[in-house]
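So you can see what is in the structure, the chains are spelled out below.
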Amino acid sequence: MKMEALLLVSTAFVAGCGKKEVDTLPPAAEGTDYGQTPTADPNANGAGQITPGSQEDFLQQLGQYGDRILFETDRFNIDAEDQATLQRQAQWLAQYPNTRITVEGHADERGTRDYNLALGERRANSAKNFLVSIGVDASRIQTVSYGKERPSALGSDEQAWAQNRRAVTVTVR
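These notes cover the structure that comes with them. Since this is a predicted model, take the numbers as computed values, not measurements.

**Here we look at the sheet that holds strand E2 (residues 100–106)**
Next, step 1: Strand order in the open sheet formed by four strands is E1-E4-E2-E3, with mixed pairing between adjacent strands. Looking at which strands have only one partner, the edges of the open sheet turn out to be strand E1 (68–70) and strand E3 (141–147). Each strand of the sheet is rotated relative to its neighbour by a mean of 20°, with strand direction disregarded.
Next, step 2: Running over the sheet, helix H3 (residues 80–95) touches E1, E2 and strand E4 (166–172) and is turned about 165° from E1.

**Re the pairing of E3**
Next, step 1: Two strands pair when backbone bridges link them, and E2 and E3 are joined in this way by six bridges, in the parallel orientation. Within the sheet, the bridge partner assigned to Thr102 lies in E3 and is Gln142.
Next, step 2: Crossover E2 to E3 through helix H4 (residues 113–133) is right-handed.

**Section: the side chain of Arg166**
Next, step 1: Here Arg166 is to be found in strand E4.
Next, step 2: Nearest to the buried, unbridged Arg166 among oppositely charged side chains is Glu104, at 5.7 Å.
Next, step 3: Polar side-chain contacts of Arg166 include one of 2.9 Å to the backbone oxygen of Arg150.
Next, step 4: Aside from chain neighbours lying at most four places away, what touches Arg166 is Arg68, Ile69, Leu70, Phe71, Glu104, Gly105, His106, Arg123, Arg150, Pro151 and Ser152.

**Observations concerning the packing of aromatic side chains**
Next, step 1: Evaluation of the coordinates by the stated rule reveals two aromatic pairs.
Next, step 2: An angle of 70° between the planes, with centres 4.8 Å apart, marks the rings of Phe58 and Trp92 as edge-to-face. Of this pair, Phe58 sits in helix H2 (residues 55–62) while Trp92 sits in helix H3, and the two are 34 residues apart along the sequence.
Next, step 3: Assessed through its relative accessible area of 0%, Phe58 is described here as buried.
Next, step 4: Given the relative accessible area of 1%, Trp92 is considered buried.
Next, step 5: With a centroid separation of 4.8 Å and 45° between ring planes, the pair formed by Trp92 and Tyr96 is classed as tilted.
Next, step 6: Chaining the aromatic ring pairs together yields one cluster made of Phe58, Trp92 and Tyr96.
Next, step 7: Positioned above the aromatic ring of Trp161 is the side chain of Arg110, whose terminal nitrogen or guanidinium carbon lies 3.8 Å from the ring centre.

Definitions and cut-offs
- Residue numbering note: each chain is counted from 1, following its sequence as written.
- Where local features are concerned, this predicted model is filtered to residues with pLDDT of at least 70; where side-chain atom pairs are given and counted, the filter is 80 or more; whole-chain, interface and lining totals use all residues.
- By convention in this description, side-chain values take in all heavy atoms of the structure and omit both hydrogens and water.
- By the convention used here, strands pair only if DSSP detects at least 2 bridges between them.
- Think of it this way: any DSSP run of H or I at least four residues long counts as a helix, any run of E at least two long counts as a strand, and we number them from the N terminus.
- Fitted lines through C-alpha atoms serve as axes, helices being fitted only where they are in contact, and the angles separating the N-to-C directions of these axes extend from 0 to 180 degrees.
- Here, two residues are considered to be in contact whenever any of their heavy atoms come within 4.5 Å of each other.
- Look down the strands so they point away from you; if going from the first strand over the helix to the second traces a clockwise path, that crossover is right-handed.
- Only protein chains enter the accessibility calculation, which uses a 1.4 Å probe; a residue is then buried when its area is under 20% of its type maximum, exposed when over 50%, and partly exposed in between.
- Charged residues are defined narrowly, with Lys and Arg counted positive, Asp and Glu counted negative, and His plus the chain ends left uncounted.
- Whenever a carboxyl oxygen of Asp or Glu lies within 4 Å of a side-chain nitrogen of Lys or Arg, that contact is scored as a salt bridge.
- Each polar contact in these results corresponds to two N or O atoms within 3.5 Å; when the atoms are within protein, one needs to be able to donate a hydrogen and the other to accept it, and residues that are neighboring in sequence are counted only if both atoms are side-chain atoms.
- Pairing of aromatic rings covers Phe, Tyr and Trp, the last through its six-membered ring, and needs centres within 6.5 Å; plane angles under 30 degrees mean stacked, over 60 mean edge-to-face, and all others mean tilted.
- Geometrically, a charge over a ring is one whose NZ (Lys) or CZ (Arg) sits within 6 Å of the ring centre while staying within 35 degrees of the ring normal.

As structure tokens, this is what we get:
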């Protein structure tokens, strides 16, 4: 009888120890085009044309993943591949001197919320600092960390984690 009671109590305890669900995600950075529908230029001669200087223009010119750089586990250093991506971003920004950006720092699901927020901040600042070092005005760049709260890829394996360790550049209106 004691063994059954102990088993029942331990089962109830373990059932209550699952991962805590996040009720709400941090809001997108103020003024970002992130996740919005394509921006059509009202002065364009054709319907559905992309507005120059918009997030859609940024992605069109830089390619599907030209808005992000990826990091190794627990790292925030900018490697040669990241530098090439950020240089292309800086060239695009030079074409649109009135466009501001937000660099979002992200982490994979491993680690505590606080650790991942701090790591995301270091990743976003690394990207910002590199952009500034190659001539982008620092006043045009803000940073935000989402830690592990906004994964790009769902899953608990190295492939998903690798996609989630990133800094993403988003245009701001």
